[in-house]
Amino acid sequence: MDSDFKNGCDSVRGSILSKVLKGLGLAVLNVIVIWSALFLISHQSYVILALLLLGALIVNIVFILPGGYPFRYLLPATFFMFLLVVYPIVYTVYISLTNYGTGNILSKEQVIAQFEEKFVIDRDAESYAFEAYINDQGELAFLFTRPDGELLLGHKSTIDSVSLDDPKLEFLDDYILLEKRDLVRMTNELSAIGFDCGDGKQLRMRNVNSFAIYERQYVYEPNTDELVDLQTGIVYKPSNGYFQAADGTRLTPGFRTVIGLSNFRKLFTNRQITGPFARVFLWTVQWALLSVATTFAVGLFLAILLNDPYLRFRKAYRSLLILPYAIPAFISALIWRGLFNTEVGVINQILQATINSSVPWLQDPFWAKIALVILNLWLGFPYMMIICLGALQSIGSEMYEAAVVDGASSWQQFRYITIPLLMVSVAPLLVASFSFNFNNFSVIYLLTRGRPPIPGAQTPAGYTDILISYTYRLAFESGRGVDYGLASAVTLIIFLITGTITFFNFRFTGALEDVNKNV
Amino acid sequence: MYRRHTFFGALWRHGILLVFLVFALFPIFWVISASFNPANTLVGQSLIPKVVSLDNYRELFTNQQHPIALWIKNSVIVSLITSALVVTMTSLAAYAFSRFRFKGRRTGLFISLLVQVFPQMLAAVAVYLLILNIGKLFPALGINTHAGLIMVYLGGAMGVNAWLMKGYFDTIPTSLEESAMIDGATPFQAFYMIILPLARPILAVVFLLQFIGTYSEFILASVLITSSSKYTLAVGLQLFIHDQYANRWGVFAAASVLGALPIVILFMFLQKYLVSGLTHGAVKG
């Protein structure tokens, strides 16, 4: 077999036409790559540039080296896997080691630039009255009057001393004077303007009536990596993502920086985070176990009933019971959210009519969990029913005939023949179903959004949050700001857990063995 | 293990099955009934509507602010293209894993399985920045394009899909390809003309699972698609209903019925392949 495939590969290599096509294809690809590379260099996207060049190198190797033939088949799928799964994983690992989040969003350079653009004004600084002019292109010009009467022209970021009949002012004929209300409207634009007057001082707008001399508040010393407050002389050094003074005072905003394993440590030592995290983790495991147990129990029970050759209408029952599986889960979850609605939902209407009481389905922690399990049972039992039916049908009848001869009861047949043989084929699927439900974001998010919230938690955590929805809210939805660093750390923990389960599932069930042993 | 039923034996069996039928079908009937009920509210709805109208369905096509029919169309297009491309790429990869012997074959298959367990949606920031930058290079693949979104979904072409397909390819005897190659066919021709037609059931299963998965995905879609006219149904529908069950229930029900239809139809057509495919080890995604 192997040698035949080798011969096949040789014949590929032998064909002149395929060689020419291959060469042409590679040439076109490389031209596109080089063009893209130039573009990326001009945009300074070096990470993507590196990925692109690496990808192009691999493609060339695979098509030029003789041993690369099988890899041609793997290239397309592998390319997208690396770009859209592996690269995000690497990025997540990096972010988990940083303090990226609200308050530490910008890079250090951006934060320094922000501080260097901060100006302060002396309380007794003199005011410069001003007139602002604008031309058709939106360019601005200013005439300032110092308290001592000196006239200054401010234009294109320079200021000059002028007199009223100065020829320098002739260009203003093309400009129109801005009214007070225009000044108010343009406050943001105007306050960004500063005219340098030496010594780090700038003439900047104070209010709509006047400008004044401002002094730079901070200056950054690149050699010592310090930020100095020019007013007070206090020196701030970078520490843990903030510029920090000797007495521990921090300047905000902070910057994004690598902080090592702090995020992981926080999860296990910071009590306000550990409590909710442990609670969420426990419920995640309970949820996954409950989901598998309930869907499997119902699915298996129905499969046994439906596998009965003496049962009438079994085909009809089967096709109808499968229906929930054919409806997209996000639609089902939103529908059930309506059914569970405490005030107007039909479930409470029925309860009201029959036992004259209603249940706070989505408000009470316990009932919210029950609602989730019911919804997931509805979504999941058809799947379990299908796979159990498949497995039951593959158990030969000889086994049962032999058992009957030996005098085994129905229960004994079920316990000692059906269950063990069923488990051989179904157990790996149950494990896979466990890890699927461990990360079953959409059901939780669409039905309860993790609510009701756990009171007093520092991170946004709810009673029905599972790890993945907790992390999602940590990263994207918190009202108190987002924490990408911490969220990435939890993401990696989720990955580790489900990865381990998958590893053992495939390892011990021999799923990776080749089905066809003669290959 | 099974015996002919007594009267009571048949009674309790059908009794139990009917209970589960009610459980399985009640929400579906309830929503279908609501979709034809012009009242458009959860309050006081009855199982059989007193007045039947198509107002709610008309609303799906005429409401400018919530173009739900358009969202369904977007979802179908994105899912169709994604699934077709995934099936193509996955079958190529699975063929290599099944038929060629090369260094790193088992490790490669295993790593691709492991990597797919990573919750891609939680790395939405990385994916967003990546698509943003790719969009600078190729605007057609950038943020707020369906092509960019489809590209993100193609990351799933490896993993469980490839493993499922490889398992199926392994069960196809190699003798057919061998004789084709003796007649001068290349491995690719053998793959294309012999393996693919024989593997139709598993192609159908992977297509169906990928279609359902793509159709239902809403986190990455909501991050990458920013304009309402390009939403997929999974993004748009939950924004539409967002806790307004009391006054949007009817239109929502109509949207649910119409939105579930593409999957139900696909499901009916491919159902016969599903049992064998699922027992090979897939979980609804």
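Each residue is numbered by its place in its chain's sequence as written, counting from 1. Here every chain gets a letter starting at A, and every ligand a number starting at 1, in the order they are written. Residues qualify for local features only when their pLDDT is at least 70, as the model is predicted, and side-chain atom pairs are given and counted only at 80 or more; totals for whole chains, interfaces and linings, by contrast, use all residues. The side-chain quantities take in all heavy atoms of the structure and omit both hydrogens and water.

1. A closer look at the overall build of chain A
On a plain count of helices and strands, chain A comes out with 18 helices and 14 strands. A compact globule built from 519 residues would reach a C-alpha radius of gyration of about 24 Å, whereas chain A, at 35 Å, exceeds it by more than 25%. Seen through its principal axes, chain A has C-alpha atoms that stretch 120 × 85 × 50 Å. Taking all 519 residues of chain A together, 47% fall into the buried category. Contacts were defined at the residue level, with two residues in contact if any of their heavy atoms lie within 4.5 Å. Nonlocal contacts in chain A, meaning residues at least 24 apart in sequence, comprise 57% of its contacts between residues at least 6 apart. Accessible surface, chain A as shown: approximately 25,900 Å² in total, 61% of it carbon and sulfur. His is not counted, nor are the chain ends, whereas Lys and Arg count as positive and Asp and Glu as negative. One atom stands in for each charge, and that atom is NZ of Lys, CZ of Arg, CG of Asp or CD of Glu. In chain A, 38 positive and 42 negative side-chain charges are present, and the distance between their average locations comes to 14 Å. In this description a helix means any DSSP run of H or I spanning at least four residues, a strand means any run of E spanning at least two, and both kinds are numbered starting from the N terminus. Computation of the radius of gyration draws on C-alpha atoms, with the globule rule given as 2.2 Å multiplied by the number of residues to the power 0.38. Each residue is placed in one exposure class: buried if its accessible area under a 1.4 Å probe, protein chains only, is under 20% of its type's maximum, exposed if it is over 50%, and partly exposed if it falls in between. With residues, only the protein chains shown are counted as cover, and all accessible areas are computed by Shrake-Rupley using a 1.4 Å probe.

2. Quick look at the overall build of chain B
Of regular secondary structure, chain B possesses 13 helices and zero strands. Along its sequence from the N terminus, chain B presents helices and strands in the succession α-α-α-α-α-α-α-α-α-α-α-α-α. Its C-alpha atoms put chain B at 70 × 70 × 30 Å along the principal axes. With 285 residues in all, chain B has 59% of them scored as buried. Here the contacts in chain B between residues at least 6 apart in sequence split such that 72% fall between residues at least 24 apart. Split by element, the accessible area of chain B, about 11,600 Å² in all, is 69% carbon and sulfur.

3. Points about the sheet that holds strand β13 (residues 242–244) of chain A
As a general point, the strands of a sheet are linked pairwise by backbone hydrogen bonds and lie either parallel or antiparallel. Residue and element names in this part refer to chain A. A strand pair is defined by DSSP finding two or more bridges across the two strands. Taken in spatial order, the five strands line up as β10-β11-β12-β13-β14 in an open sheet, and their pairing is antiparallel. Each edge of the open sheet carries a strand with a single partner, namely β10 (218–221) and β14 (250–251). Sheet topology note: the β13/β14 ladder contains two bridges and is antiparallel. Bridge pairing in β14 places glutamine 244 opposite arginine 250. Geometry is summarised by axes, namely lines fitted to C-alpha atoms with helices restricted to the contacting stretch, and by angles between N-to-C directions that run from 0 to 180 degrees. Packed on one face of the sheet, helix α5 (residues 108–116) meets β10, β11 (226–229), β12 (235–239), β13 and β14 and runs near 140° to β10.

4. Some remarks on the packing of helix α13 (residues 365–393) of chain A against helix α1 (residues 7–35) of chain B
Running from N to C, α13(A) and α1(B) cross one another at 100°; their axes reach a closest spacing of 10 Å. In terms of axis orientation, α13(A) runs roughly perpendicular to α1(B). In this structure, α13(A) uses A:Ile374, A:Leu377, A:Trp378 and A:Phe381 to contact α1(B), whose residues at the interface are B:Phe23, B:Ala24, B:Pro27 and B:Ile28. Basically, the charged four are Asp, Glu, Lys and Arg, the nonpolar ten are Ala, Val, Leu, Ile, Met, Phe, Trp, Tyr, Cys and Pro, and anything else, Gly included, counts as polar. Across the contact of α13(A) with α1(B), the residue classes tally to eight nonpolar, no polar and no charged. Working definition: roughly parallel below 35 degrees, roughly antiparallel above 145 degrees, roughly perpendicular at 65 to 115 degrees, and oblique for all remaining angles.

5. Brief notes about the pattern of salt bridges
All names here are of chain A. In the sections that follow, a salt bridge refers to a side-chain nitrogen of Lys or Arg positioned within 4 Å of a carboxyl oxygen of Asp or Glu. Taken as a whole and judged by the stated rule, the model has eleven salt bridges over all chains. A salt bridge links arginine 146 to aspartate 148; its shortest N-O distance comes to 3.7 Å. Residue classification places arginine 146 among the partly exposed positions, given a relative accessible area of 27%. For aspartate 148, a relative accessible area of 58% corresponds to the exposed category. Two residues, arginine 185 and aspartate 182, come together in a salt bridge whose shortest N-O distance is 3.2 Å.

6. Describing the environment of A:Gln231
All names here are of chain A. Tracing the sequence through the fold places glutamine 231 in the loop between β11 and β12. Classification of glutamine 231 as partly exposed rests on a relative accessible area of 40%. Residues glutamine 231 and aspartate 196, 35 residues apart in the sequence, show an inter-C-alpha distance of 18 Å. When residues no more than four places from it in sequence are discounted, the contact partners of glutamine 231 are Val120, Glu215, Arg216 and Gln217.

7. What to know about the pairing of strand β9 (residues 210–216) of chain A
All names here are of chain A. Relative to β9, strand β1 (residues 119–121) is paired through three bridges, and the arrangement is antiparallel. Bridge pairing in β9 places valine 120 opposite glutamate 215. Bridge analysis of strand β2 (residues 127–134) against β9 gives three bridges, and the strand direction is antiparallel. Residue pairing across strands places serine 127 opposite alanine 212, the latter belonging to β9. Relative to β9, strand β8 (residues 201–207) is paired through six bridges, and the arrangement is antiparallel. Residue pairing across strands places arginine 204 opposite alanine 212, the latter belonging to β9. Where β8 hands over to β9, the hairpin turn is made up of two residues, counted between the paired strands.

8. Thoughts on a negative patch on the surface
All names here are of chain A. Candidates for patches are residues over 30% relative accessible area with no salt bridge; among them, like charges are joined within 9 Å and nonpolar side chains (Val, Leu, Ile, Met, Phe, Trp, Tyr) within 5 Å. Taken together, the side chains of Asp136, Glu170, Asp173 and Asp174 define an acidic patch exposed on the protein surface. One can find aspartate 173 in the loop between β5 (158–162) and β6 (176–177). Residue classification places aspartate 173 among the exposed residues on the basis of a relative accessible area of 66%.

9. Considering the domain arrangement of chain A
All names here are of chain A. Domain boundaries assigned for chain A yield domain 1 (2–96), domain 2 (119–216) and domain 3 (268–508). By convention here, the domain bounds are inherited from an automatic or database domain assignment. On a C-alpha basis, the centres of domain 1 and domain 3 stand 41 Å from each other. With five residues of domain 1 at the interface, the matching set in domain 3 holds seven residues. Buried area between domain 1 and domain 3, both sides added, is near 440 Å², and the carbon and sulfur share of it is 84%. Contact with domain 3 buries area across many residues of domain 1, yet Thr92, Ile95 and Ser96 alone supply 74% of it, more than any other trio. For the pair domain 1 and domain 3, the interface holds zero salt bridges. Polar contact criterion, stated in full: a pair of N or O atoms within 3.5 Å, where within protein one must be able to donate a hydrogen and the other to accept it, and residues adjacent in sequence count only if both atoms are side-chain atoms. At the junction of domain 1 and domain 3, the tally comes to zero residue pairs in polar contact (both at pLDDT 80 or more). Of the residues belonging to the side of domain 1 that touches domain 3, the class tally is three nonpolar, two polar and no charged. Accessible surface is computed with a 1.4 Å probe, and the buried area is the amount of it that two parts give up when combined, taken over both parts together.

10. Considerations on the packing of aromatic side chains
Residue and element names in this part refer to chain B. Side-chain rings of Phe, Tyr and Trp, where Trp is taken by its six-membered ring, are said to pair if the distance between their centres is within 6.5 Å; with planes under 30 degrees apart they count as stacked, over 60 as edge-to-face, and otherwise as tilted. Enumeration over the complete set of coordinates arrives at 63 aromatic pairs over all chains. Ring plane angle 40° and centroid distance 5.2 Å describe the contact between phenylalanine 36 and tyrosine 57, whose orientation is recorded as tilted. Note that phenylalanine 36 is positioned in the loop between α1 and α2 (55–62) and tyrosine 57 in helix α2, a separation of 21 residues in sequence. For tyrosine 57, a relative accessible area of 13% translates into the label buried.

11. Remarks on the packing of helix α11 (residues 329–339) of chain A against helix α12 (residues 233–241) of chain B
For the pair α11(A) and α12(B), interaxial distance at closest approach is 10 Å and the crossing angle is 10°. Viewed along their axes, α11(A) and α12(B) adopt a mutual orientation that is roughly parallel. Residues A:Phe330, A:Ile331 and A:Leu334 of α11(A) form the contact with α12(B), whose own contacting residues are B:Leu233, B:Ala234, B:Leu237, B:Gln238 and B:Ile241. Taken together, the residues of the contact of α11(A) with α12(B) break down into seven nonpolar, one polar and no charged.

12. A short note on the interface of chain B and chain A
Interface extent is often summarised as the accessible area lost during association of the parts. Taken together, the contact pairs 116 residues of chain B with 113 residues of chain A. At the boundary of chain B and chain A, one finds one salt bridge. Among the ionic pairs, B:Arg13 bridges to A:Asp308, the shortest N-O distance being 3.6 Å. Broken down by element, the side of chain B that touches chain A gets its largest block of residues, 16 residues, from α1(B).

13. Digging into the side chain of A:Ser96
Residue and element names in this part refer to chain A. Relative to the helices and strands, serine 96 resides in helix α4 (residues 69–96). Relative accessible area serves as the criterion here: at 1%, serine 96 is assigned to the buried category. Among residues more than four places away in sequence, those in contact with serine 96 are Gly260, Asn263, Phe264, Gly485, Ser488, Ala489 and Leu492.

14. Here's the deal with the environment of B:Lys166
Residues and elements named next belong to chain B. For lysine 166, the position within the fold is in helix α7 (residues 160–170). The exposure class of lysine 166 is buried, given its relative accessible area of 4%. Residues lysine 166 and phenylalanine 97, 69 residues apart in the sequence, show an inter-C-alpha distance of 6.5 Å. In terms of polar contacts, lysine 166 uses its side chain to reach the side chain of aspartate 170, at 2.7 Å.

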